[in-house]
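A closer look at the structure
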Amino acid sequence: MTKTEMNKKGVIGITKQASLIDKNIGLYKEHFINEDFGYTVRLSNGAIEVPRKIAEDYEVQKGIVTPERIKKIAETYRHKEI
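Residues numbered from 1 in each chain as written. Predicted model: local features only at pLDDT ≥ 70, side-chain atom pairs only at ≥ 80, totals over all residues. Heavy atoms only, no water.

Concerning the sheet that holds strand β2 (residues 28-33)
Read across the sheet, four strands follow the order β1-β2-β3-β4 without closing on themselves; strand pairing throughout is antiparallel. If you trace the sheet from one side to the other, it starts and ends with β1 (2-4) and β4 (47-50), each paired once. Neighbour-to-neighbour, the strand axes of this sheet turn through a mean angle of 35 degrees, independent of strand direction. Here strand β3 (residues 39-43) pairs with β4 via four bridges, running antiparallel. By the bridge assignment for β4, Tyr39 is matched with Val50. (Pairing = 2+ DSSP bridges. Helix = DSSP H or I, 4+ residues; strand = E, 2+ residues; numbered from the N terminus. Axes fitted to C-alpha atoms, helices over the stretch in contact; angles between N-to-C directions.)

Structure below.
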């Protein structure tokens, strides 16, 4: 995986929204481009997966990212270091 700053505002915003759904999701630390060309987000206590298109959409107009999409991202949470 390659560390990146692309779509950082969107990734951080989505991470915050996901943490409201799953209180176990920790704070954003950094993110990487993964093998699916999405983002793997390293958290203070684990990781989540954020599709690139959703991060891009969130940066342009966060209202178009539905709660259902945020919930699916929250469900990718895993409690471990990447």
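Overview of the side chain of Thr15
For Thr15, the location among the structural elements is in helix α1 (residues 8-21). Exposure remark for Thr15: the relative accessible area of 3% places this residue in the buried category. Once residues within four sequence positions are removed from consideration, Thr15 is found in contact with Ile25, Gly26, Tyr28, Val41, Leu43 and Ile48. (Buried < 20%, exposed > 50% of the residue type's maximum accessible area, 1.4 Å probe, protein only. Contact = heavy atoms within 4.5 Å.)

Quick look at helix α2 (residues 52-60)
Because an α-helix packs 3.6 residues into every turn, residues spaced three or four apart end up facing the same way. Here α2 has its buried residues at Ile54, Ala55, Asp57 and Tyr58. Along α2, the residues classed as buried sweep out an arc of 160 degrees about the axis, all on the same side. Exposed side of α2, more than 90 degrees from the buried face: Lys53 and Val60 are the residues found there. Residues of α2 that are buried sit in contact with α1, β3, β4 and α3 (67-74). (Arc of directions from axis to C-beta.)

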